[in-house]
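The residues making up each chain are set out below.
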Amino acid sequence: MTTRVGPVSLPNPVMTASGTAGHGAELGAYLDLSQLGAVVVKSLSVEPWAGNPAPRLLPAAAGMLNSVGLQNPGIDAWLADDIPALASAGARVVVSVWGRSVGDYAEVGRRLTTALVRSRGPVVALEANISCPNVEDRERMFAHSTEATSAALSALAGAVAPLGLPIWAKLSPNVTDLVAIAGAALAGGAGGLTLVNTLMGLAIDPASGLPRLGGGGGGLSGPALHPIAVRAVYDCRQAFPSASIVGVGGVSGGYDAAELLSAGADAVQVGTASFVDPRAPLRVLAELTEWCAAEGFGSVAEVVGTSHRREATRTPNGQNEVARAGAAGKRAP
Ligand code: SIN
């Protein structure tokens, strides 16, 4: 079940999704964090951030709306208080960071570099969260424009260059042309893409006319998001055959994970399912392992990008001729 996300080797392709497993080793109360591909921590900023007023979570028909508002203890406190517990749990850690300005991405990167330049400890990659819908000025979400995406990624990449860690840009599905934004992220210095963050949503109490979440609108995650994530991964894999891609969105079971891998993801993240069952990431891994064996796949690499290899063998009338063309672990060129 090993996989590679660019230069990062993981024992398996199942990680937690940022924001759904705490900042540190909180989920370790329910599962052995060392058994996951990696733990992606909730996004961290330069200064501590209080987040949005309650209520912050609301069940939706096929998932969940959240308006947490990026609450976090700040990068310095996280480095002091959380990283040791993650290291002792044997977790591989992906550090998610966010900022309100391009300068914030540079500064959070500088602080990470100062702390980790001698030893990266358990950190295997960084994730640049440029796509949270729960900030005060949604018009200025970085991942809504190619220029802002490129600027944020360049600032972070410049600051963390001495660490030699890849940066995965976490992008938003709330855009007309995701492939263009992904291209800007990769050109700006991202080594990979995390696809996708939540969709912007709103729940209203019809009697009062007031929003039901304290922050107003929220981000929709869970099963409703899954086909959107599959499409995002598929389109970006087709456009960028050699980019590292991590798929996230409504992964509730092994089949969902397999679908994202088939669309071209090198690994997946489990998020909203952990709110129902904190052991969900390991259950997804067990189900994915079983699925691979049942379907005759000998490795994760064989599953990654399967749908593109099938696409290449489509006949002119759109029929797939070969059941599992090119299942030798090679990507479509
Ligand atoms: C939040 O904290 O509001 C969610 C984070 C995100 O969607 O990126």
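Student: How should I be thinking about the sheet that holds strand β6 (residues 63-66) in this particular structure?
Tutor: Across a sheet, paired strands are connected by hydrogen bonds in the backbone, their directions being either parallel or antiparallel. The four strands lie next to each other as β5-β6-β14-β11, forming an open sheet whose pairing is antiparallel. Among the strands making up the open sheet, the edge pair consists of β5 (57-60) and β11 (199-201). Strand-to-strand twist across the sheet, computed as the mean angle between neighbouring axes with direction ignored, equals 35°. Relative to β6, β5 runs antiparallel, the two being bridged by four bridges. Bridging from a neighbouring strand, proline 59 pairs with methionine 64 of β6.

Student: What is the right way to read the environment of aspartate 277 from this model?
Tutor: In this structure, aspartate 277 sits in the loop between α8 (273-276) and α9 (280-295). Spatially, the C-alpha atom of aspartate 277 lies 25 Å from that of glycine 217, the residues being 60 residues apart in sequence. At a separation of 2.9 Å, a polar atom in the side chain of aspartate 277 contacts the main-chain amide nitrogen of arginine 279.

Student: Help me understand the packing of helix α6 (residues 226-239) against helix α7 (residues 254-263) in this model?
Tutor: Helix packing geometry: the angle between the two helix axes and the distance between the axes. Contact pair α6 / α7: the axes reach a minimum separation of 8 Å and the direction vectors enclose 20°. When the interaxial angle is binned, α6 and α7 end up roughly parallel. Taken together, the residues of α7 that come into contact with α6 (itself represented by His226, Ala229, Val230, Val233, Tyr234 and Arg237) are Asp256, Glu259, Leu260 and Ala263. In terms of residue class, the contact of α6 with α7 is made up of six nonpolar, one polar and three charged.

Student: Would you take a moment to explain the nonpolar core for this structure?
Tutor: As a rule of thumb, soluble globular proteins bury nonpolar side chains together. Counting 83 residues, the largest nonpolar core has Trp78, Val95, Leu112, Ile130, Leu171, Leu193 and Leu195 as its most contacted members. Those residues within four positions of isoleucine 130 in sequence are excluded, and the remaining contacts are Tyr105, Met141, Phe142, Ala143, Thr149, Ala152, Leu153, Lys170 and Leu171. Counting residues in hydrophobic clusters, the runner-up holds 12 residues, among them Val5, Met15, Val40 and Ala267.

Student: In this structure, what is going on with the side chain of glutamate 127? I would like to understand it.
Tutor: Along the chain, the position of glutamate 127 falls in strand β8 (residues 123-129). Buried within the structure, glutamate 127 lacks any salt-bridge partner; its nearest side chain of opposite charge belongs to lysine 170, at an N-O separation of 4.4 Å. Polar contacts involving the side chain of glutamate 127 include one to the side chain of threonine 194, which spans 2.9 Å. Among all residues touching glutamate 127, those that are not within four sequence positions of it are Ser18, Val40, Val94, Val95, Ser96, Val97, Trp168, Lys170, Thr194 and Gln269.

Student: Whenever I open this one, the site of the ligand confuses me. Can you help?
Tutor: The environment of the ligand is formed by Lys42, Asn66, Val68, Gly69, Leu70, Asn129, Cys132, Pro133, Asn134 and Asn197. Taking valine 68, its main chain carries an N or O atom lying 3.5 Å from an oxygen atom of the ligand. Here an oxygen atom of the ligand sits 2.7 Å away from a polar atom, N or O, in the main chain of leucine 70. Look at the ligand: alone it shows 260 Å² of surface, and the protein chains cover 92% of it.

Student: Is there a simple way to explain the side chain of serine 18 in this structure?
Tutor: On the secondary structure map, serine 18 appears in the loop between β3 (14-16) and β4 (39-40). At 3.4 Å, the side chain of serine 18 forms a polar contact with the backbone nitrogen of serine 43. With near-sequence residues (within four places) excluded, serine 18 lies in contact with Val40, Val41, Lys42, Ser43, Ser96, Glu127, Lys170 and Gln269.

Student: Would you mind showing me how to read the pairing of β6 here?
Tutor: Regular strands have side chains that alternate between both faces of the sheet. Hairpin remark: β5 followed by β6, antiparallel, with two residues in the connecting loop. Bridge count for β6 against strand β14 (residues 218-221) is three bridges, and the pairing is antiparallel. Each bridged residue has a counterpart across the sheet, and for leucine 65 the counterpart in β14 is leucine 220.

Student: Hey, could you run me through the environment of leucine 186 in this one?
Tutor: Following the sequence through the fold, leucine 186 ends up in helix α5 (residues 178-188). With 57 residues separating them in the primary sequence, leucine 186 and alanine 243 have C-alpha atoms 8.2 Å apart. With residues near it in sequence (within four places) discarded, leucine 186 still touches Gly191, Gly192, Leu193, Phe240 and Ala243.

Student: Before we go on, may I ask you to explain the confidence of the model for the chain in this structure?
Tutor: Detailed reading of the predicted coordinates is not advisable wherever pLDDT falls low. Per-chain confidence: the chain averages 93 in pLDDT, with 92% of residues scoring 70 or above. This stretch, residues 321-333, has a pLDDT under 50; its non-local contacts, to residues over four places away or in other chains, come to 29 contacts.

The rules behind these values
- Residues numbered from 1 in each chain as written.
- Predicted model: local features only at pLDDT ≥ 70, side-chain atom pairs only at ≥ 80, totals over all residues.
- Heavy atoms only, no water.
- Pairing = 2+ DSSP bridges.
- Helix = DSSP H or I, 4+ residues; strand = E, 2+ residues; numbered from the N terminus.
- Axes fitted to C-alpha atoms, helices over the stretch in contact; angles between N-to-C directions.
- Polar contact = N/O pair within 3.5 Å; in protein donor to acceptor, adjacent residues only side chain to side chain.
- Parallel < 35°, antiparallel > 145°, perpendicular 65-115°, else oblique.
- Contact = heavy atoms within 4.5 Å.
- Nonpolar A, V, L, I, M, F, W, Y, C, P; charged D, E, K, R; others polar.
- Core = buried A, V, L, I, M, F, W, Y, C linked by side-chain atoms within 4.5 Å.
- Buried < 20%, exposed > 50% of the residue type's maximum accessible area, 1.4 Å probe, protein only.
- Lys, Arg positive; Asp, Glu negative; His and termini not counted.
- Salt bridge = Lys/Arg side-chain N within 4 Å of Asp/Glu carboxyl O.
- Near = heavy atom within 4 Å.
- Areas by Shrake-Rupley, 256 points an atom, 1.4 Å probe, with all protein chains shown as cover.
- pLDDT = per-residue confidence, 0-100.

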